[in-house]
Amino acid sequence: VETPISKVERASHGWTFEEWEKLKVKDVMLRRVGNTREVANATLFYASSESSYCTGGFLMVDGGQTSCTVMTDD
């Protein structure tokens, strides 16, 4: 997810947004970096009455990264 610290990281390495994003999305199903609004919308769902039948669990707001990540012994 792009945050203000992402800009600091890009600046410190001299990367463009496109260069930085290409590095970050190697294991993200949607092949793009998320934004803070997308995370906020998921949080808002749980804070609203729309989630009244939810009793726990996980709402992954990661563009499919969890589904694409393969655990290895490396």
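The structure we're discussing is the one just above.
Residues numbered from 1 in each chain as written. Predicted model: local features only at pLDDT ≥ 70, side-chain atom pairs only at ≥ 80, totals over all residues. Heavy atoms only, no water.

(A) Seen up close, the overall build of the protein chain. Within the protein chain one finds four helices and zero strands. Expressed as lengths along the three principal axes of its C-alpha atoms, the size of the protein chain is roughly 45 × 30 × 20 Å. A buried classification covers 15% of the 74 residues belonging to the protein chain. Of the roughly 6100 Å² that the protein chain leaves accessible, carbon and sulfur atoms contribute 57%. (Helix = DSSP H or I, 4+ residues; strand = E, 2+ residues; numbered from the N terminus. Buried < 20%, exposed > 50% of the residue type's maximum accessible area, 1.4 Å probe, protein only. Areas by Shrake-Rupley, 256 points an atom, 1.4 Å probe, with all protein chains shown as cover.)

(B) Structural detail: the environment of Ser 6. By secondary structure assignment, the location of Ser 6 is in helix H1 (residues 4-13). Ser 6 sits in the buried class, given a relative accessible area of 4%. The residues touching Ser 6, leaving out its near neighbours within four places in the chain, are Val 1 and Trp 20. (Contact = heavy atoms within 4.5 Å.)

(C) The arrangement of the pattern of salt bridges in detail. This model, assessed by the stated rule, comprises three salt bridges. For Arg 10, the salt bridge identified is with Glu 2, shortest N-O distance 3.1 Å. Using a relative accessible area of 10% as the deciding quantity, one classes Arg 10 as buried. The class of Glu 2 is partly exposed, set by a relative accessible area of 25%. For the salt bridge of Arg 32 with Glu 38, the shortest nitrogen-to-oxygen distance reads 2.6 Å. (Salt bridge = Lys/Arg side-chain N within 4 Å of Asp/Glu carboxyl O.)

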